[in-house]
Every structure is written in C-alpha cells, then in structure tokens.
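# What the coordinates show
The residues making up each chain are set out below.
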Amino acid sequence: MQLPKDAVLLRIFIGENDRFEHRPLYEAIVLKAREMHIAGATVLRGPMGYGHSSRLHTAKILRLSEDLPLVIEIVDSEDKIDTLLGVINGMIESGLVTLEKVKVLRYGLPAAD
C-alpha cells in the first residue's frame, strides 16, 4: 500500500465506554478504516484526561474510572481520510475530532537491496 509524502492525520478523542452498535466505538472505527484500506490506525489509551464536560477520567486507584480517554490516530491521503470521515461521522456521538497535515518520512519496511 502506498502512502503519499503529504498526508493527513485524523485524531479522534473519545472515551473507552463509547459504543457503536453494541461494540466499542474505537474498535468499530479502526475496523472500518481497515475495511476501507486506510494506511494505518492506532488506538492510544490515556491514564488521565477530561473533555467538554470537565469531568476527570483517571486510572488512579482512589478514583477508579472505567471510562478512560482514548485517542485514535489515523493517517492516509486527504481524499481517503475525507471519505472515512463521511462514514464515521454518524458513528461518533460525542468527543473531539481533529485533522492536520503531516509529512510522511517513512512508512512500512525498508526497501530491499
């Protein structure tokens, strides 16, 4: 799979309790990106965070939260990310979605000699 040097990074900030059709939202988004042959997606779990409501979510023992923050990062061409956004916008009820231009320096395995 090719990835253009000038690409786009889609970041989606949600909670781990967010769902879409009875499955974790992060899983549904990553599987949809894979189905659409998007170059790459990673889910990062945060030990602490807050969002629009200012409600603190933390992994600390005394304030045990089962809804820790998640960040999904997805990279590909602007066209492919725009197409993906059209699909996943209906999946995300709340959270933060950002988009930024990135320069891809390396993708995949090194070239064979």
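Here, every reference points to the structure presented above.
Residues numbered from 1 in each chain as written. Predicted model: local features only at pLDDT ≥ 70, side-chain atom pairs only at ≥ 80, totals over all residues. Heavy atoms only, no water.

Moving on, we come to the environment of T98. By the element assignment, T98 lies in strand 8 (residues 96–103). Sequence separation of T98 and L9 is 89 residues, and the distance between their C-alpha atoms is 8.2 Å. Ignoring any residue separated from it by four or fewer positions in sequence, one finds T98 in contact with L9, L10, R11 and F13. (Helix = DSSP H or I, 4+ residues; strand = E, 2+ residues; numbered from the N terminus. Contact = heavy atoms within 4.5 Å.)

Spatially, four strands are ordered 4-7-1-8 in an open sheet, and the strand pairing comes out antiparallel. Whereas interior strands pair on both sides, the edge strands pair on one side only; in this sheet they are strand 4 (40–45) and strand 8. The mean angle between the axes of side-by-side strands here comes to 20°, regardless of whether they run parallel or antiparallel. As judged from the eight bridges shared by strand 1 (residues 6–15) and strand 7 (residues 69–76), these two strands associate in the antiparallel manner. Counterpart to L10 in the pairing with strand 7 is I74. Running over the sheet, helix 1 (residues 25–35) touches strand 1, strand 4 and strand 7 and is turned about 5° from strand 7. The sheet strands contacting helix 2 (residues 78–88) are strand 1, strand 7 and strand 8, and the helix crosses strand 1 at an angle near 25°. (Pairing = 2+ DSSP bridges. Axes fitted to C-alpha atoms, helices over the stretch in contact; angles between N-to-C directions.)

Taken as a whole, this structure holds seven salt bridges when the rule is applied. The salt bridge involving E100 is made with R11; its shortest N-O contact spans 2.8 Å. In this pair, E100 sits in strand 8 while R11 sits in strand 1, placing the two residues 89 residues apart along the sequence. You can call E100 partly exposed: its relative accessible area is 35%. Two residues, E16 and R45, come together in a salt bridge whose shortest N-O distance is 3.1 Å. Of this pair, E16 sits in the loop between strand 1 and strand 2 (19–20) while R45 sits in strand 4, and the two are 29 residues apart along the sequence. Look at the salt bridges and you will find they share partners, linking R11, E73 and E100 into a network. (Salt bridge = Lys/Arg side-chain N within 4 Å of Asp/Glu carboxyl O. Buried < 20%, exposed > 50% of the residue type's maximum accessible area, 1.4 Å probe, protein only.)

Looking at helix 1, one finds that the buried residues are L25, A28, I29 and A33. Down the axis of helix 1, the sector holding all buried residues measures 130°, keeping them to one side. In helix 1, the exposed positions angled more than 90 degrees off the buried face are occupied by R34 and E35. On its buried face, helix 1 is in contact with strand 1, strand 2, strand 3 (23–24), strand 7 and helix 2. After helix 1 finishes, the residue H37 shows a positive phi value of roughly 60°. (Arc of directions from axis to C-beta.)

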